[in-house]
Structure formats: C-alpha cells, structure tokens
There are 2 protein chains.
Amino acid sequence: MLTVDEALHRIASHVRSPAAVRVPLADALGCRLAEDVASDIDSPSHDKSVVDGYAVRSVDFARAARGEAAEPVELAVLEEITAGQMPRQPLTSGHATRIMTGAPIPDGADAVVMVEQTSHAEEIGASMVVVTFHTDQITPGQNIKRRATSIRTGQVVLRAGATIRAAEIGLLAEVGRPGVSIVPRPRVAVLSTGNELVAPELLPAAGQIRNSNGPMLLAAARSAGATPIDLGIGRDEVDALRRLIEQGLEHDVLLLSGGVSAGKLDLVPGVLQELGVREVFHKVSVKPGKPLWFGVSGASDPPDCLVFGLPGNPVSSLVGFELFVRPALAALAGHAWQPPPTITAELGQAFVTHGNRSTYYPARLDESGERPTVELLAWQGSGDLRTITEANCLAIFAPGETEYAAGASIPVMRI
Amino acid sequence: MLTVDEALHRIASHVRSPAAVRVPLADALGCRLAEDVASDIDSPSHDKSVVDGYAVRSVDFARAARGEAAEPVELAVLEEITAGQMPRQPLTSGHATRIMTGAPIPDGADAVVMVEQTSHAEEIGASMVVVTFHTDQITPGQNIKRRATSIRTGQVVLRAGATIRAAEIGLLAEVGRPGVSIVPRPRVAVLSTGNELVAPELLPAAGQIRNSNGPMLLAAARSAGATPIDLGIGRDEVDALRRLIEQGLEHDVLLLSGGVSAGKLDLVPGVLQELGVREVFHKVSVKPGKPLWFGVSGASDPPDCLVFGLPGNPVSSLVGFELFVRPALAALAGHAWQPPPTITAELGQAFVTHGNRSTYYPARLDESGERPTVELLAWQGSGDLRTITEANCLAIFAPGETEYAAGASIPVMRI
C-alpha cells in the first residue's frame, strides 16, 4: 500500500494547469495571472499635486525666506485646477494657481503649498483674487509627485504567476486591463454513490443515511477556490452510474464518494475502467481514508480529468479531500505543487497509536501561547462528523505502535 | 485627530450584525450559524458494520479459540445485507450474514469479521453457501459501530455562532438541515467619485486617471466574504452624487473613494449630511490614509448603513480598507470584533520615521526562518499601487521621529 507521501507524489505527477482563459477583471480575484502585463500609461501621467493647495514658484518666496520682506507673501491667483482638468495658463512670477489633490502642476510652478498654510483667498476688484501665505519655507519640488515615478509606459507591472488579490485588481484597472488572462478555477464535479443515501431534506428510512458527503465535498471544493458541480446521488446500478460518471469526466476533477471499498456493490472502479479511466493507485496507508482511489482519464498527459474515489465515511472523505484533493486543486489553479503544510505542536495528552497506517486525528490547535499546543478530541471514528466540526487541525501520527507522552512534538495540519 | 485605535473603537461601537436569514445549505459556506441545531436522528441509526465482511456470533468461535477444534470455523451464509438494506433474518448459531460497510448488524450477531480474513464463500448444493474463517480471535463488538454513538436524536450538534466550513455543511446535511439560519454576508456598495476618473477600458485623456479604486474595493469586499455592489463612478456634481449615495445607503456598508479631503470639489461630506448620515469622525492619524471619513445612517442604533469615505489615492484607500473596513465587515458577519491582527517581525533594514502619524509601510514578511523578518519595499507613496502588489504585509511604525535600527522588532499586519 502506498504511503501518504508516495500517493501525493503520484498525484503531483499527473497534475498540470488547464489552458489559460481570458476573463473580466472582476472574475479574476484569487486566480493566478497567466500573462505578463505591461502598462499603457505613465503613472502619474503628469507631474501632479499630492495635496490641496496652491502651485507656486519657489523663487517668489526667496526674499521672504531671507528675511528681506516684512509682510507675508501674497500672490495673485491665476486659475483653479481640479483633478480631471488641465492647467490653461503657465505660472508666471507673482502668481499662484489653486490646485486640488491629483491635479496636474502648471508649467512654471515648482512647488505646492498646502491650503492649510494660506489665508482664505480674497477677491480684489472684479477678477483679481489674492492669496496670503503663512509660510516662506518653500522647497522646490515640495508636494509634487513627478510623472512616471510609480510606473513607466511599457513597464511590466505584473508577471505571469502572480496571485490576483484586491491590490492586483486595482493595478490591472489602472494600467488599462478590464480583462485579463488567468489560469481558470478548476471545475470539480461531485458524485455521491450508494443505495443507502437519501437527500438531506428526507427522513432516512431504516438502513438509509442522508447524503452528507455530497454537500460537504461541494463546499470543500468551493473553499479551495474551485467551481463545484453537483452530480447528485448515483445508485448502485451500472448504467445509471456510467451516465453520471461520463458527465463527471467532462470536468477537470471528478470526486466520487463511496463505492470504492471491497463491498459487493462497489461498482465504481469497474465503471471507471470501462470509461477509459486508468487507475493510478487504490488504497493509501492512512487512517482514516484507506480505500482512496485515484485515476486519470484521457489518452494524453496531462490527463483530461483527475478522478478521486473518496471513501463513503464522511470523515474519511473529508480527510482524503484535505490531504490529496486540496493540493491537486491548488496545482490545477496554477500554484506550485505543495503537499499539505504542517506545523509542529506540543501534544496536550498522552496517546498510543496502533496499526501500520499514518493516523490523522481530529484535534484543536492552540497558537495563543509561546509554543503551539494540540489537544486530541474525543473522536468516535470515521462516521463521526460532529467531532470534526470542533477540530481546527488534524494531528499526525506515524505508522506503528508508539506511545506518545504528553508534551511530545508532533506535526499537525490545519483544516 | 483620532489615533488608529480610537478610530477602530468608534467603528466597533456602531457595528451590529444584521438580522439572521434562512438560506439553502450550499449558500451558507463561510457564514456564521445563527441558530442552535439539534439532530433529528441517531447517528449511526443502527448498530452497523464498519467493514465489509461477515456478521457472526462470537460464541461460534469459542471452541476454535480454545484450541478444541482442529478445523477452521465454517458457517452457513444466511443472507447478504448491503448498505441501504435491513437484515431480514436474525442470526442463529452456525450461521453468518454477509454484510457491507455501513449496513445494519442483524439481531443475534455481536461481531463482524473482515472479508479479508475469510475464504471466498462456496456454494454447497442449491441454496447453501458456506464461508470459511481464517481467524478464531473474535472479540464481541469488533467492527461494530453502536447506534447513536456519534449523535443522539435531539442532541444539539452545532451552536449559534459556529463558522460554517465544509465539515459543518456535511453535519448539517446529516442531521436533516437542507436550509439553515445564518448571519448574512454584509452587502457592500462601492462608489468612486471624481471628475478625473475614467473606466479601466478607456485611455485617460490629459488630466484623467483610470478608476482603479472601484474594482479594487469591490474585490477587497469580496475577499472579506461580503457581497459587493458596484455603483460605478460618481461625478463631482451634487444631484448625481446624491442619487448614487442614496442607492448606496440601502446596503449594509457604503464605501466611497475620493471626495473626502479638503478640495473645493469634495462634495461628498455635504451630500452625506443632507441625506441624514451622521459623521462619527473625519481624519485619522495614519499614513497613508489620513482623510478617512466614517459615519452612520438611520435614526436607530445599530445604524442602517456604515459609511466609509476612503481617500482617493489607491494605496491610502486599500490601507484604509484593511485597517478599518475589513474588521467592520467581519463583525457585521457575526464574528466577535477584532482589530487587525499583527505579528512581531525583525526589521531587515534601518528606517527613520517622520511626522506625527502612525505609518503603515508596504513590506514583505518572511516566515520561513526561525524568526519572522520584514523587508520594507521601495514604495513611491500613496499613488503607487505597483509596489503594494509586491507586498504581503504592512510594517507598522509609531508616530514621531524615530530611528529604527536593522533588527528592531516591529509589528506587521498581513495583507
């Protein structure tokens, strides 16, 4: 039987990103960029003011600064430029231009004085407005942001492979990209199999259980950034299963739950083989989740569809998803392959392992103290989803019979 | 001017979760549960087998176990029960029942033997099937999961306030909840204001810039789990602004960008006042992002709408979102109020701060070593979104003129 690492390695060797697609910018959030993006503009596009105030010539303040003027500097206001407008007149000696944050600096000006350092401008006569400055410390260039200091036209501002967050969305909008080429979200079809399953809105008759795996795996796929597709419940009947599995194989990933252990009605592997899905492995040395099945469809490599047959027990199914499917979905979405990350924590209680499989045990990780600690939960086995809802991690124990003392350092995987 | 902490405190005092709503289970992912949920079933609903194999009576193996039998135990197979079926016959001495994983244990049986520990069952005569067991170590109860050991009927399995992840979705499906009462995702309207703005698909004319804040804030709201509503660009014209802001006030949160500094066309505060939005504060001692405006609409408390006027410079706007809006959205979604979490990191280079505001500086946090380290980026100021796309955190510096040496410990906030 494969170890967890071996199984992950086999999965990794079959995962390739699907071809890039072009999407509207708003749909690209969370995806990986599939192209280098160059700017079609300078940013800023002009020398511009970074404050609300008056564009001035610093030489007009030189006498006052040298103490040669008794009065505060007064300048006649030429015009007012708000953001979105261009200056109409160059600035000449003895004049100032009222300017708003973001507006272009007029020719001739070499500094901006904040409005807070001036008096309310006074109208003198019909068309003359004079403003009084309460500072004479004017440094050339002050409060001016020079053209192209953030971005030059033609500069590559984002590289293929970048993860698109809100800041990247803003930048792409700034450089004129209302649409962008991305690695698409993997499309994940989910099919629950088994005659014992009924929909969550029904009361199970004797021997039946509700289909919890379907909704759970759809949610897990969505939480991993994939687009989930619900194929519902497949009965243990070859023709019906074949139709549903055929539908599922049209997606990037097909998640099957149930139907892959050794029971007489576990028809799934046969149907998959018939539909040209090649088995890569069946069973992994892991607890819970041993009867995991993994295969690939399509003649080519990379395969058309990755098929995961997850066990029917909900906790086994969820652990299988976190351990094997989530890393595959991240890689399909264009991220570098990475096995599930773990951190080391101090075990809160003694624990004895049995058997020859790695154990992934529902637990609570506490990172509030100096060192992370982990408490195992009172877990009732692979059918016990309730306890998993109290967990925020899986504590990982190596195969074999081992007594772990309280305080032992063990790896844990966040869920 | 308020400090960051004071501003956060004021915001916190106005945030209450909106009323709970009932949604289909699939739409509840990531939300907070707004009701206690009790189970309508036992789980398991019957004593059930946890393996594929044979249900047996352990007493039938007692002679063999004591070494009193020379031959391996052979039992006649009564019937076969697959998952979803009920046993038709109680198990009597000398018999076994073929049973699949998850199927109910027949009356009379007290153990299940895995199929791997038996020979292929042989047909003897017309209707008699005999199975041979290659073990005699049978413990009463083995491979049986008892009724209601995971969940009892009536037991509260999830409490109001739980965050709904994939495991919770699975559990809610299991206990018969195809719909569930949740704290709804906050609805966040985004309006960019300014005559200088053009849509990302247009080439800006002289003095114009593309609207990067709108798409960026919509993406930020979505990344925070909220439902974004795009109100587009509002021109600096009172009637048009009033109509758009009125629309925005119908949502839980209205994010305005631009129009809240001291410029002559910054009409937003006036329009807000006219529409009955009460100012809670204007300006925060933070760099970038000083001209932040926060107010509330509606006569009652909690208010109908929280209004954030974010600065027009994109980096100021994004920092304002991360610092003030994201915590408010989390609280609106039913999470306990929490200011933005920080961690301590070692500064990679010397840095000198100026001025009387807290500084939030774009930086790269590296957690791969023994201690987290943080490198400040070559940031060109609040218009420079490109550098923010290289950042994964903001390095936080206290107000005042301080020389930080390389290696100093400073707080950083992940973005």
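See the structure printed just above.
Basis of the calculations
Within any chain, residue numbers begin from 1 and follow the written order of that chain's sequence. Each chain is given a letter, starting from A, and each ligand a number, starting from 1, according to the order in which they appear as written. Note on the predicted model: pLDDT of at least 70 is required for a residue's local features to be given, and 80 or more for side-chain atom pairs to be given and counted; whole-chain, interface and lining totals, by contrast, use all residues. Working from all heavy atoms in the structure, the side-chain values ignore hydrogens and water. Here, a salt bridge means any Lys or Arg side-chain nitrogen found within 4 Å of an Asp or Glu carboxyl oxygen. Secondary structure elements are defined from DSSP: runs of H or I of at least 4 residues count as helices, runs of E of at least 2 residues count as strands, and each element is numbered from the N terminus. To line up the copies, we fit them by least squares on C-alpha atoms, keeping just the residues with pLDDT of at least 70 in both. The contact rule is simple, with two residues in contact once any of their heavy atoms fall within 4.5 Å. Strand pairing is defined by DSSP finding a minimum of two bridges between the two strands. Here, axes are lines fitted to C-alpha atoms. For helices the fit covers the stretch in contact, and angles between N-to-C directions go from 0 to 180 degrees. Angle categories: roughly parallel below 35 degrees, roughly antiparallel above 145, roughly perpendicular from 65 to 115, and oblique for all the rest. For a crossing to be left-handed, the near helix must be turned anticlockwise from the far one by less than a right angle; the clockwise case is right-handed. Throughout, the ten residues Ala, Val, Leu, Ile, Met, Phe, Trp, Tyr, Cys and Pro are labelled nonpolar, Asp, Glu, Lys and Arg are labelled charged, and all others, Gly among them, are labelled polar.

Caption draft 1: Structural detail: the pattern of salt bridges. Residues and elements named next belong to chain B. Inspection of the entire model under this criterion finds 30 salt bridges over all chains. Its salt-bridge partner being E35, residue R22 comes within 3.9 Å of it at the nearest N-O pair. Taken together, the residues R22 in strand β1 (residues 21-24) and E35 in the loop between β2 (32-33) and β3 (37-38) connect sequence positions 13 residues apart. Between R177 and E35 there is a salt bridge; the shortest N-O distance is 2.6 Å.

Caption draft 2: The relation of the copies chain B and chain A, seen in detail. Of the transformation placing chain B onto chain A, the axial shift is 0.1 Å and the rotation is 180°, giving an RMSD of 0.1 Å. Here the two chains are linked by the operation of a two-fold rotation axis. For chain B, the residue whose C-alpha comes nearest the rotation axis is S223 of chain B, separated from it by 6.1 Å. By residue overlap, the copies meet face to face through one surface: 100% of the interface positions of chain B are interface positions in chain A.

Caption draft 3: Inspection of the sheet that holds strand β8 (residues 111-114) of chain B at higher detail. All names here are of chain B. Strand order in the open sheet made by the six strands is β8-β5-β7-β6-β10-β9, with mixed pairing throughout. Each end of this open sheet is capped by a strand with a single partner; those strands are β8 and β9 (122-124). Taken over all neighbouring pairs, the strand axes of this sheet differ in orientation by 40° on average, direction set aside.

Caption draft 4: Highlighting the packing of helix α4 (residues 213-223) of chain A against helix α3 (residues 166-174) of chain B. At their nearest, the axes of α4 of chain A and α3 of chain B sit 7 Å apart, and the two run at 160° to each other. As far as their axial angle goes, α3 of chain B and α4 of chain A are roughly antiparallel. The hand of the α4 of chain A/α3 of chain B crossing is right-handed. Listed contacts from α3 of chain B to P215, M216, A219 and A220 of chain A of α4 of chain A are A166, A167, I169, G170 and A173 of chain B. Broken down by class, the residue content of the contact of α4 of chain A with α3 of chain B amounts to eight nonpolar, one polar and no charged.

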